[in-house]
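Fold and geometry: a report
Given next are the chains, with one letter for each unit.
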Amino acid sequence: MKAEFVVACATTCPLIALAFCYIYPLLVDFSQINKTHCHVYNFLPSVSATISYNPLTSFFWFMLILIHTPFRFILAKYLHDFYKKQFSHKIPEDYVPFAYKTDYLKLTTVRKQIFFAYQINKVEIIGLFILSMFTSNSNYDMHKLGFCTYLISASMFKILVLSIESRLKIEKLPNCYDVRKKLAITFALSFILAICLFTIHNSNCVNYVYSFFGLSEIILILSNITFHYWTINLMRKTYM
């Protein structure tokens, strides 16, 4: 299967779903979609609120996430295989000369990172699927479980990928380290900002704070999608 097609399906579907779930409620019922328990002014809802707005938005979001899921698993395998190929050179394990000891340890470490990154990437995909299947209105506990799984695994995946690609950069092998580092920082900052804004909203009920929380969620999602999208530049080296 063409890598460009896989990446397009894996990244475009969530973008379309996100756009529809925001635009539709804001156009048809602006005041209702922006209501919270605080009853303060807002101009933008949270992602969970837009997904669970009505059966149409819930169904549309879930169907596009369902369609994109197998492509995400394929993309995860492509990335895993690419990393393995870059570090496929072997140093004898039975007898490692002192001069090669450091290189051997580094190679062993990066191979472990590649394995764990692949597993965590799959956990991230499953977490996204769970939070999409169960909306905050239909089953809050399962939605929360999926949401937390998605965020934690996505964060861990980025740390591992940056570690792997920093090694690729040092060895002057194909990598997206510089771009992915910026995207990972954007993801982390929006994650921290979202937590702070959510806490402020729930404790003080300040106007527009919940809207900026929703905006930070959007930035977080877009940075995550773009982080995965940049895999295409690596795939061109092997699958195209």
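For the structure given in this document, a descriptive report is provided here. Please read these numbers as outputs of a predicted model, since none were measured by experiment.

Rules used in this analysis
- Residues numbered from 1 in each chain as written.
- Predicted model: local features only at pLDDT ≥ 70, side-chain atom pairs only at ≥ 80, totals over all residues.
- Heavy atoms only, no water.
- Patch = residues over 30% accessible without salt bridge, like charges linked within 9 Å, V, L, I, M, F, W, Y side chains within 5 Å.
- Areas by Shrake-Rupley, 256 points an atom, 1.4 Å probe, with all protein chains shown as cover.
- Salt bridge = Lys/Arg side-chain N within 4 Å of Asp/Glu carboxyl O.
- Helix = DSSP H or I, 4+ residues; strand = E, 2+ residues; numbered from the N terminus.
- Buried < 20%, exposed > 50% of the residue type's maximum accessible area, 1.4 Å probe, protein only.
- Axes fitted to C-alpha atoms, helices over the stretch in contact; angles between N-to-C directions.
- Parallel < 35°, antiparallel > 145°, perpendicular 65-115°, else oblique.
- Left-handed = near helix turned anticlockwise from the far one by under 90°.
- Contact = heavy atoms within 4.5 Å.
- Nonpolar A, V, L, I, M, F, W, Y, C, P; charged D, E, K, R; others polar.

**Focus on a nonpolar patch on the surface**
A surface patch of nonpolar side chains, about 680 Å² in accessible area, is lined by F30, Y41, F43, Y208, F212, L215 and I219. Ranked by residue count, the leading element in the nonpolar patch is helix 8 (residues 209-229), at 3 residues. Positionally, L215 belongs in helix 8. For L215, a relative accessible area of 34% corresponds to the partly exposed category.

**Thoughts on the packing of helix 1 (residues 3-28) against helix 8**
At a minimum axis distance of 9 Å, the contact between helix 1 and helix 8 shows a crossing angle of 165°. Here helix 1 is positioned roughly antiparallel relative to helix 8, judged by the angle of their axes. Here helix 1 runs over helix 8; the crossing is left-handed. Taken together, the residues of helix 8 that come into contact with helix 1 (itself represented by V7, T11, P14, L15, L18 and Y22) are G214, I218, I221, L222, I225 and Y229. Class assignment of the residues belonging to the contact of helix 1 with helix 8 gives a composition of 10 nonpolar, 2 polar and no charged.

**With respect to the side chain of Q113**
By the secondary structure assignment, Q113 is in helix 5 (residues 101-133). Leave out the neighbours within four places in its chain, and Q113 touches L160, S163 and I164.

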